[in-house]
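Commentary on secondary and tertiary structure
Listed below, chain by chain, are the residues.
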Amino acid sequence: MSEYFSDVSKIVFEGEDSKNSLAFRHYDPEQEVEGKKMKDHLRFGAAYWHCMRNPLADPFGPGTALMPWDDGTDSVENAVKRTHVFFEFMEKIDIDYYCFHDRDIAPELASLSESNKALDAVVDELEKLQGETGKKLLWGTACLFAHPRYAMGAGTSPYVDVFAYSAAQVKKAIEATHRLGGEGYTFWGGREGYGSIINTNMKRELDHLARLLHMAVDYKKEIGFEGQFYIEPKPKEPTKHQYDSDSAACLNFLREYDLLDHFKLNIETNHAILAGHTVEHELQVAAAAGALGSVDANAGDELLGWDTDQFPTNVYDTTKVMLVLLEMGGFTTGGLNFDSKRRRESHEPIDLFHAHVGGMDAFARGLKNAAAIRADGRYENFLKDRYSSWDGELGSKIENGNTSLADLEAHALSNEPGILPSGRQEMLENLFNNFI
């Protein structure tokens, strides 16, 4: 096999004193935290679309990424070659999982049948490489947003032929994911929304999207695919409003259309920012519903109003993410997929390694911090104490549905709330800083 990153050796853990920029200072895959290895807590995934296909273009200029292995064609041979580059990258960065869109790994050709044949050829190669390396597919998905046919949506398109085409593409992508032993399959509605509500029948579009998802659930059962289905929330961009705008909107949609038993959420940090939330808010909403499945690990820029997909470097954020994950017992499905791209000026192949090393170390530090906060107990005890009034007789009756408004009126007439205890926000912020 050719070596495409000959100037990079396998990245290893060297500890906090290391000055080697291509070594892990915090991510020790075998280190145990709360009784489980770091690699099993974090379950890092590499995003095929950003690693192999992102040219680092922006609206004002063409791509800058140097990809000497890529001949720039849509040939199947070129697509197969990329898989070898990608698996070498995963081997050297020590990442066990990957994620893909169907049109990332294989070209879209002149017809659906030709595109399907190309996809099969690339999946053949991915299957072989997985067998040789032990790497695994975290989740697959279909790209239902890039081609002009999807300019007005896929599952929510006003045109039935487009809906049918998207359904066929989803069917094939699920088959490819199943064949590769994928642990999940993600639906991201990149254009499932509207640019203007004046020309939109929202109810009909949502009904159609639900039909597509129900058909996918039926097909999953038909072929015996046991991977988890995910929806990935995002509020806007490219559309003005996307129906999967945040965790709460997705959960409401799934409940309304009787799909909640079949889906969990794949939460992305940058999407949370665009929705006006923090990532821990989105994670908490999903976790509270028993629907937190996987995480797209990246960062956004609060000064910019679009999806910057930066690599995560803020340890405060990664600590909060890992605290939510540890509190829910860790991943039962999914993992931390780096849906992150290098900056446009970081265009050399070696920058792929620098970027992932930083993101992996940031999450390793977050994991250690979160475990230390939990072991310390002060944060948990404060929250428990703050809600302790609900543990008494009255609180238990309310939570169990055994009170009426009249009952509570009677209580309130003889029990004024009085002066409330402090929320101690600054104290808790200081506590977090002590660990970070």
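For the structure, check the block above.
It should be emphasised that the depicted structure is a prediction, and the values quoted were computed from it without experimental measurement.

1. Section: the packing of aromatic side chains
On inspection of all chains with the given rule, the structure shows 25 aromatic pairs. Consider the rings of F253 and Y257, whose centres lie 5.0 Å apart with planes at 45 degrees: the pair is tilted. Each member of the pair F253 and Y257 is classed as buried. Ring-pair connections join several aromatic residues into one group, and the members of that group are F24, Y27, F44, F311 and F338. Positioned over the ring face of Y150 is R149, at 5.4 Å from the centre of the ring.

2. Thoughts on the packing of helix α3 (residues 76–93) against helix α12 (residues 350–376)
Viewed as axis vectors pointing N to C, α3 and α12 meet at an angle of 45 degrees, and their least axial separation amounts to 11 Å. Of the possible angle classes, the one that applies to α3 and α12 is oblique. Handedness of the α3/α12 crossing: right-handed. Seen from α3, the contacting residues are F89, K92 and I93; seen from α12, they are L352, F353, H356, V357 and M360. Split into classes, the residues belonging to the contact of α3 with α12 amount to six nonpolar, one polar and one charged.

3. Brief notes about the pattern of salt bridges
Applying the stated criterion across every chain, the model contains 24 salt bridges. Between R374 and E34 there is a salt bridge; the shortest N-O distance is 2.7 Å. Taken as a pair, R374 in helix α12 and E34 in the loop between β1 (32–33) and β2 (36–37) lie far apart in primary sequence, 340 residues in all. Between E91 and K135 there is a salt bridge whose closest N-O contact spans 3.7 Å. Taken together, the positions of E91 in helix α3 and K135 in the loop between α5 (112–133) and β5 (136–141) put the pair 44 residues apart, joining distant regions of the chain. Within this structure, D102, R103, E108 and R149 form a network of salt bridges that share partners.

4. Digging into helix α16 (residues 425–435)
An α-helical segment advances 3.6 residues per turn. Residues three or four places apart therefore align on the same side. Buried residues of α16: L428, L431 and F432, and no others. Down the axis of α16, the buried side of the element spans an arc of 95 degrees, and every buried residue falls inside it. When the buried face of α16 is taken as reference, the exposed residues oriented beyond 90 degrees from it are E426 and N434. Summarising the contacts, the buried residues of α16 are in contact with α11 (315–327), α12 and α13 (378–386).

5. Looking at the pairing of strand β3 (residues 44–47)
Across the two faces of β3 the burial is the same, with F44 and A46 and G45 and A47 all buried. Where β3 lies against strand β12 (residues 336–338), three bridges are found, and the strand directions are parallel. Its bridge partner being in β12, G45 is matched across the sheet by N337. Two strands pair when backbone bridges link them, and β3 and strand β4 (residues 97–101) are joined in this way by three bridges, in the parallel orientation. The partner of G45 across the bridge, within β4, is Y97.

6. Here we look at the pairing of strand β11 (residues 292–296)
Summarising burial for β11: five of the five residues are buried, a large majority. In this sheet, β12 lies alongside β11 in parallel orientation, the contact comprising two bridges. Following the sheet pairing, D296 is matched in β12 by N337. The parallel pair β11 and β12 is bridged by α11, and the resulting crossover is right-handed.

The rules behind the values
The residue count restarts for each chain, going from 1 along the sequence in the order it is written. Owing to the predicted nature of the model, reporting of local features is limited to residues with pLDDT of at least 70; listing and counting of side-chain atom pairs is limited to 80 or more, with chain, interface and lining totals taken over all residues. Side-chain numbers here rest on the full set of heavy atoms in the structure, without hydrogens or water. For Phe, Tyr and Trp, where Trp contributes only its six-membered ring, two rings pair if their centres lie within 6.5 Å, and the inter-plane angle classes them as stacked under 30 degrees, edge-to-face over 60, or tilted in between. Only protein chains enter the accessibility calculation, which uses a 1.4 Å probe; a residue whose area is less than 20% of its type maximum is buried, one above 50% is exposed, and one in between is partly exposed. Both a distance and an angle decide whether a charge sits over a ring: NZ of Lys or CZ of Arg must be within 6 Å of the ring centre and within 35 degrees of the ring normal. Think of each axis as a best-fit line through the C-alpha atoms, taken over the contacting stretch in the case of a helix, with angles from 0 to 180 degrees between the N-to-C directions. The numbering of helices and of strands both runs from the N terminus, where a helix is a DSSP run of H or I of at least 4 residues and a strand a run of E of at least 2. For this classification, under 35 degrees means roughly parallel, over 145 means roughly antiparallel, 65 to 115 means roughly perpendicular, and everything else is oblique. Left-handed describes a crossing in which the near helix is turned anticlockwise from the far one by less than a right angle; the clockwise case is right-handed. We call two residues in contact when some of their heavy atoms are within 4.5 Å. As a working rule, the residues Ala, Val, Leu, Ile, Met, Phe, Trp, Tyr, Cys and Pro are called nonpolar, Asp, Glu, Lys and Arg charged, and the rest polar, with Gly in that last group. We define a salt bridge as a side-chain nitrogen of Lys or Arg found within 4 Å of a carboxyl oxygen belonging to Asp or Glu. This arc describes the spread of directions from the helix axis toward the C-beta atoms. We call two strands paired when DSSP finds no fewer than two bridges between them. When the strands point away from the viewer, a crossover counts as right-handed if the path from the first strand over the helix to the second runs clockwise.

Keep in mind these numbers describe shape, not what the thing actually does.
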